[in-house]
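Residue-level structure breakdown
Chain by chain, the residues run as shown.
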Amino acid sequence: MSTAVPVFNPFSPAFQADPYPIYQQLRQIDPVHRVKGFRFDQWFLTRYADVYEVLNDSRVTVDDLPVRLAEKGLHLRQTEAMKSESSEPFQTLTQTIGHWLFFVEPPDHTRLRSLVSKTFAATRIEQLRPLIQQQVDQLLDRVQPQGQMDIMLDLAAPLPAAVSAAILGVPECDRPQLTQWSYDLFHVFDQPLSLQDYQRIDQIAAKFQQYFTELVQTLRQHPQDNLICKLIEASQEQKLTDAELIAFLSMLFSVGQETTENLIGNGILALLQHPECWQMIQENLQRSEVDTLIAKVIEELLRFDSPVQIISRTATASVALREHEIQVGDKVHLLLGAANRDPAQFTDPDRLDFGRSPTSRLPFGSGIHYCLGAELARLQGQIVVRAIATRFPKLQLITDGLTRRKSVVLRGLKHLPVTF
Ligand code: HEM
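Described in the following lines is the structure provided in the data block. Note that the structure is predicted; figures quoted are calculated from it, not measured.

Okay, the coordination of the iron atom of the ligand next. Of the protein atoms, Cys371 (SG) alone serves as a donor to the iron atom of the ligand, at 2.3 Å. In this structure, cysteine 371 sits in the loop between α17 (336-339) and α18 (374-391).

In structure tokens, the structure reads:
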């Protein structure tokens, strides 16, 4: 292999189609990859040990995207084109994501996360098993007579929306609209974006804000047993402000959507491309240890083709990493997809292997920002894989030409057409 520093362009079609060969080169030749910037540098980390270390280093804090967006908005307001605007550009978006856990540090992060951590703990999530199973059964019943389906459209997309709506207490009829907004809002993580993109996402943030403000007003008058009402109670006890409450609801509905879809889509695709693994699941379906196996399958699928590929941080102090010195204000991008294929952590990392020892993995990040919805995503993945394996043992891919969604942060398919 050449020892020249590999060209790292996460927007290139080749990278989007298959990032793993580039990750391998970066991990080997340039694991702390630096891209010099005008004011601050950007660093791209690909080794498991480095990613883990930075995620657990309190000197490297959350991405300062809300601050940067606010600055950009202020700057634009002063330009001729935007002088007539009544408010600063991207104001709703900035305020919304500014309250999201992803962009908040302690003590606010600890306070806000503690309001929802019990709801998303493993034991509470396990109680949702019958609901998730029922949703999966209904979705599969619908496509069974056709003998074929698009895993993404018929199953992966509607499932997380139905589950999040049930947890929060969002009326069923509003789900499709909120799901569509969720895709657009999540796009804010995909940096850098054009002015038009930010304007569009800002409008979506405003729609989410209006929707949840009205729903909260209704539920204040007619309380029900759901997460929104628990958060309303917490706001009455002044544990969070009204603005935090509304912003939190858009986060809770939207961030589990495309991420969970990608676990289902990437996961089923990997199983179809590894018939021996699919066969192994089939052979174990009637055994008593099937639950343990399916749990291992999901952990391995999350590692093998991680739904979230990159998360970002900002250095608040100078940090030494290998022979490099990351400076205050520099951006540090943690390539989870690369870390999860690091041979120093996983033997033969490019092999899909359900028998791996349960060494720690990073599909859900690490440290205080570890994914709030990890148990919920795992359970949905487990129920889906088991249901499909049981009902459609002859599952087959219809096409070779799969199209991926355009994203640097997320890795997922647009369609996954199969016959069964
Ligand atoms: C397979 C599906 C999922 C994947 C791969 C995933 C991945 C991640 C990752 C990598 C992080 C860390 C972000 C960082 O450190 O910057 C994260 C955080 C988060 N995730 Fe997930 N996620 C998934 C599903 C969900 C679901 C279903 C929810 C629903 C509530 C959710 C809610 C969150 C929240 C609120 C955070 C921020 C936590 C914090 O900052 O304290 N995620 N997720």
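By the definition in use, this model includes 27 salt bridges. Put simply, aspartate 57 and arginine 59 hold a salt bridge, and the shortest N to O gap is 2.8 Å. Note on aspartate 57: relative accessible area 14%, which makes it buried. One salt bridge in this structure joins glutamate 237 and lysine 239, with 2.8 Å as the shortest N-O distance. Under the relative-accessibility criterion, glutamate 237 is labelled partly exposed at 48%. The exposure class of lysine 239 is partly exposed, given its relative accessible area of 40%.

Here we come to the state of the cysteines. A covalent bond between the sulfur atoms of two cysteines is referred to as a disulfide. Enumeration according to the criterion identifies zero disulfides in this entry. Of all cysteine sulfurs, the one in cysteine 229 lies closest to cysteine 173, which takes part in no disulfide; the gap is 16 Å.

This part is about the side chain of arginine 313. Relative to the elements of secondary structure, arginine 313 occurs in strand β5 (residues 310-315). Buried charge without a partner: arginine 313 forms no salt bridge, and the closest opposite charge is glutamate 105, 5.7 Å away. Excluding its chain neighbours within four sequence positions, the residues that come into contact with arginine 313 are Leu55, Val60, Thr61, Val62, Asp63, Asp330, Lys331, Val332, Leu334 and His369.

In total, this model carries 18 aromatic pairs according to the counting rule given. Measuring from ring centre to ring centre gives 5.5 Å for phenylalanine 15 and tyrosine 23, while their planes differ by 80 degrees; the resulting arrangement is edge-to-face. In this structure tyrosine 23 comes out as buried when scored by relative accessible area, which is 1%. On the numbers, 4.8 Å between centres and 40 degrees between planes, the contact of phenylalanine 186 with phenylalanine 189 is tilted. The pair formed by phenylalanine 186 and phenylalanine 189 is uniform in burial state, with each residue classed as buried. Ring-pair connections join several aromatic residues into one group, and the members of that group are Phe8, Phe15, Tyr20, Tyr23 and Phe44. Seen from the ring of phenylalanine 346, arginine 303 lies directly overhead, with NZ or CZ sitting 5.1 Å from the centre.

It is worth spelling out empty space enclosed by the protein at this point. What the rule picks out here adds up to two cavities of 30 Å³ or more. In this model, the largest cavity occupies a volume close to 90 Å³. When the residues that make up the lining of the largest cavity are grouped by side-chain class, the tally is five nonpolar, four polar and three charged. Here the second largest cavity is characterised by a volume of approximately 40 Å³. Lining the second largest cavity are Leu263, Ile264, Gly267, Ile268, Ile298, Leu301, Gly381, Val384 and Val385. By residue number, the principal contributor to the lining of the second largest cavity is helix α14 (residues 242-273), which donates four residues. Across the lining of the second largest cavity, the residue classes break down as seven nonpolar, two polar and no charged.

Calculation criteria
- Residues numbered from 1 in each chain as written.
- Predicted model: local features only at pLDDT ≥ 70, side-chain atom pairs only at ≥ 80, totals over all residues.
- Heavy atoms only, no water.
- Donors = N, O, S within 2.8 Å, 3.2 Å for Na, K, Ca; no water.
- Helix = DSSP H or I, 4+ residues; strand = E, 2+ residues; numbered from the N terminus.
- Salt bridge = Lys/Arg side-chain N within 4 Å of Asp/Glu carboxyl O.
- Buried < 20%, exposed > 50% of the residue type's maximum accessible area, 1.4 Å probe, protein only.
- Disulfide = S-S within 2.5 Å.
- Lys, Arg positive; Asp, Glu negative; His and termini not counted.
- Contact = heavy atoms within 4.5 Å.
- Phe/Tyr/Trp six-rings, centres within 6.5 Å; stacked < 30°, edge-to-face > 60°.
- Lys NZ or Arg CZ within 6 Å of the ring centre and 35° of its normal.
- 1 Å grid on protein atoms, 1.4 Å probe; cavity = no way out; pocket = protein on both sides within 12 Å on 5 of 7 lines; lining within 4 Å.
- Points joined across faces, edges and corners; volume = space filled by probe spheres on them.
- Nonpolar A, V, L, I, M, F, W, Y, C, P; charged D, E, K, R; others polar.

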